[in-house]
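This is what each chain is made of:
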Amino acid sequence: MSGSDARVEVPAPLGLLAELTHRCPLACPYCSNPLTLDDRADELDTTTWARVFREAAAMGVLQVHLSGGEPASRRDLVELVAAARDAGLYTNLITSAIGLDATRLVRLKEAGLDHVQLSLQDVEAESADHIAGYPGAHARKLAFAQSVRELGLALTVNTVIHRANIDRVAALVEMAASLSAGRVEIAHAQYYGWALRNRQALMPSREQVARAMAEMENIRPRYEGRLVIDLVVPDYYARRPKACMGGWGRRSLNVTPSGRVLPCHAAESIAGLEFWSVRDQPLAEIWRSSPAFQAFRGTEWMREPCRSCEMREIDYGGCRCQAMAIAGDAAATDPACELSPQHALMQMLAEQDASAASAAYAYRGRVARERPIAIPAR
Amino acid sequence: MAELPERPKLAPGVRLHFDTTRQAWVLLGPERVIETEGPASDILRRCDGSRTVCEIIDELAVLYTADRAEIAVDVNDMLAELATKRMVV
């Protein structure tokens, strides 16, 4: 392991989420990017990213997830993949497929790309395009999946689950299988940033969630050995929180388009945290010593009921961003935990939002417009 | 458990990598890092789509000068588990 400080032993991280850009042709209402997006002019250049990849590999990172926004919006994407592979990293491209044609995909494969993760919004084109805020997106995604298959690249299909598509989880898994994906990620929306803003339009009912979860367990054996099914569980109706990020500052780190280093992609929603930048400091030093990483690493920061809880090194108190969003205090127990004083409040908020009459999406990048965009009628 | 392939190979998007930080061979796949122990990396290195499971067992028995039947159990168990996880096809 890489080292330690006075308070907490600092393990070596395994994964780096590289948000290459916040630019994206899609405008999904649950986007994981922050409400305030980094400008293109502030994005790290190719050379700096290459240095970040080398520093990450040297400190123990094994896998880099090239994400965004839409990473294909970067003209230097092929060079970035090559740089990550040169550094010895496993390269995973997380893409919407928009702006990534078959020619560039060939070049990405030649540069050493290990794996492609493609987002689908739904199984039905009309609904999928409405969710993405981009007419025609779904058809292009299916064509892209075909190109990935023809090139023999490994494919994961991922879908964020919410009220508009939750009744079709089984169909989504089957669609992933039919696209020859080796893995599918069914990720229930996590309500920070854009998803929090759109919670009223996205939150499914308790019954929908229970039905979808039961359905997943039913179909799972059917795909064994053929398709790996990973589930990001919904937690608004849960009794215990999930071990967010496998523990703060324990397994992975996130670099934003402009170079700030975060313990998780939503960490900027926590007011008062001090983030350091790869422009100013070596990555290893940021991981070890920056105030944002120190803030919630280990268990010393915990209060009751987490502090004496036997689950404290299993769920690490749940999600700091959710504690911030619901309890207004990032050091509180995640309200998804039934031991949290805000647990009942969180369930009430979910039920309230789930029963709200149809609400329009606030699309990222387009919310200031009077009429969002020309979206197909549902 | 998934059926064992006749001539196993690492699935697309899966590769064996020596992790210098942790001084161990690891199997890297989509959102997966599997640390290997003991003979696992010697088995995985031979999963190249050309050798049969029997041939892999033969080679391991020679390499480790061990009882073939015991090696066979280890190899079969490991490959079956990795096939279920779709790391080996």
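Residues numbered from 1 in each chain as written. Chains lettered and ligands numbered in written order. Predicted model: local features only at pLDDT ≥ 70, side-chain atom pairs only at ≥ 80, totals over all residues.

**Considering the overall build of chain B**
Secondary structure summary: chain B contains three helices and three strands in total. Helices and strands appear in chain B in the N-to-C order β-β-β-α-α-α. Computed over the C-alpha atoms, the radius of gyration of chain B is 13 Å, within 12% of the 12 Å expected from 2.2 N^0.38 for a compact globule of 89 residues. When the backbone C-alpha atoms are referred to their principal axes, chain B occupies close to 35 × 30 × 20 Å. Taken over 89 residues, chain B has a buried fraction of 27%. A separation of at least 24 residues holds for 50% of the contacts in chain B among residues at least 6 apart in sequence. (Helix = DSSP H or I, 4+ residues; strand = E, 2+ residues; numbered from the N terminus. Rg over C-alpha atoms; globule rule 2.2 N^0.38 Å. Buried ≥ 20, exposed ≤ 12 C-beta atoms within 10 Å, placed from the backbone. Contact = placed C-beta atoms within 7 Å.)

**As for the pairing of strand E1 (residues 15–19) of chain B**
Residue and element names in this part refer to chain B. In this sheet, strand E2 (residues 24–29) lies alongside E1 in antiparallel orientation, the contact comprising five bridges. Note that in E2 the partner of Arg15 across the bridge is Leu28. Taken together, E1 and the strand that follows it, E2, pair antiparallel across an intervening segment of four residues, in which Gln23 is found at a positive phi of about 50°. (Pairing = 2+ DSSP bridges.)

**Details of the packing of helix H3 (residues 102–110) of chain A against helix H5 (residues 137–151) of chain A**
All names here are of chain A. It is the contact of H3 with H5, at a shortest axis distance of 10 Å, that shows an interaxial angle of 40°. Classified by the angle between their axes, H3 and H5 sit oblique to one another. Pair H3 / H5 crosses with right-handed handedness. Across from Ala102, Leu105, Val106 and Lys109 in H3, the residues of H5 making contact are Ser147, Val148 and Leu151. (Axes fitted to C-alpha atoms, helices over the stretch in contact; angles between N-to-C directions. Parallel < 35°, antiparallel > 145°, perpendicular 65-115°, else oblique. Left-handed = near helix turned anticlockwise from the far one by under 90°.)

**Quick notes on the interface of chain B and chain A**
A common way to express how large an interface is: the accessible area buried when the components associate. At the interface, 17 residues of chain B touch 20 residues of chain A. Elements with a contribution of two residues or more to the side of chain B that touches chain A: E1, E2 and helix H3 (68–84) of chain B. Here the residues of the side of chain B that touches chain A are counted per class, giving eight nonpolar, four polar and five charged. (Nonpolar A, V, L, I, M, F, W, Y, C, P; charged D, E, K, R; others polar.)

**So, the pairing of strand E5 (residues 90–95) of chain A**
Residue and element names in this part refer to chain A. Counting buried positions along E5 gives six out of six residues, so the element sits mostly inside the fold. Here E5 shows no split at all, with Tyr90, Asn92 and Ile94 on one side and Thr91, Leu93 and Thr95 on the other all buried. Sheet topology note: the strand E4 (residues 63–67)/E5 ladder contains four bridges and is parallel. Looking at E5, one finds that Val64 is bridged to Thr91. In this fold, the crossover linking E4 to E5 by way of helix H2 (residues 77–86) has right-handed handedness. With four bridges joining them, E5 and strand E6 (residues 115–119) adopt parallel strand pairing. Its bridge partner being in E6, Leu93 is matched across the sheet by Val116. Handedness of the β-α-β unit built from E5, H3 and E6 comes out right-handed. (Right-handed = clockwise from strand over helix to strand, strands pointing away.)

**Quick look at the packing of helix H6 (residues 169–178) of chain A against helix H9 (residues 206–219) of chain A**
Residues and elements named next belong to chain A. Where H6 contacts H9, the two axes come as close as 9 Å, and the packing angle between them is 40°. Put simply, H6 runs oblique to H9. Together, Val169, Ala170 and Val173 of H6 and Ala212, Glu215, Met216 and Ile219 of H9 make up the contact between the two elements. Residues belonging to the contact of H6 with H9 are distributed by class as follows: six nonpolar, no polar and one charged.

**Let's talk about the confidence of the model for chain B**
Averaged over chain B, the pLDDT score is 93; the fraction of residues at 70 or greater is 98%. Reported confidences for the modelled complex are a pTM of 0.93 and an ipTM of 0.93. (pLDDT = per-residue confidence, 0-100.)

**Some details on helix H1 (residues 46–58) of chain A**
Residues and elements named next belong to chain A. In this model, H1 (13 residues) spans 19 Å end to end at C-alpha, consistent with the 18 Å of a helix rising 1.5 Å per residue. Residues Trp49, Val52, Phe53, Ala56 and Ala57 constitute the buried set of H1. Buried residues along H1 cover an arc of 130° about the axis, so they all sit on one side. Just downstream of H1 lies Gly60, where phi reads positive at about 110°. (Expected span 1.5 Å × (residues − 1). Arc of directions from axis to C-beta.)

**Overview of the sheet that holds strand E10 (residues 252–255) of chain A**
All names here are of chain A. With mixed pairing, nine strands are arranged side by side in an open sheet as E9-E8-E7-E6-E5-E4-E3-E10-E11. Each of the sheet's edge strands pairs with one partner strand only, and the pair in question is strand E9 (228–232) and strand E11 (261–262). As defined by bridge partners, E6 adjoins strand E7 (residues 154–161) across five bridges and the pair is classed as parallel. Along E7, the bridge assignment pairs Val116 with Leu155.

**Remarks on unusual backbone geometry**
Residue and element names in this part refer to chain A. Put simply, Gly68 and Gly69 share a cis peptide bond, and its omega is 10°. Between Glu304 and the following residue, Pro305, the backbone shows a cis peptide bond with an omega angle of 5°. You can see Pro305 is positioned in the loop between helix H11 (291–295) and helix H12 (320–327). Unusually for a residue other than glycine, Ala97 sits at a positive phi of about 80°. Topologically, Ala97 is positioned in the loop between E5 and H3. Classification of Ala97 by C-beta neighbours within 10 Å gives buried; the count is 25.

**Thoughts on the nonpolar core**
A:Phe53, A:Ala56, A:Val61, A:Val64, A:Leu89 and A:Cys321 are the most contacted members of the largest nonpolar core, which has 128 residues in total. If sequence neighbours within four positions are ignored, A:Leu89 has contacts with A:Phe53, A:Ala56, A:Ala57, A:Val61, A:Leu62, A:Gln63, A:Val64 and A:Ala84. (Core = buried A, V, L, I, M, F, W, Y, C linked by C-beta atoms within 7 Å.)

**Let's talk about the sheet that holds E1(B)**
All names here are of chain B. Ordered by their spatial adjacency, three strands build an open sheet running E1-E2-E3, and the pairing between neighbours is antiparallel. Strand pairing shows two members of the sheet lacking a second neighbour, E1 and strand E3 (32–35), which therefore form its edges. When the angles between neighbouring strand axes are averaged without regard to direction, this sheet yields 35°. Relative to E3, E2 is paired through four bridges, and the arrangement is antiparallel. Each residue of the ladder has a partner; that of Leu27, found in E3, is Ile34.

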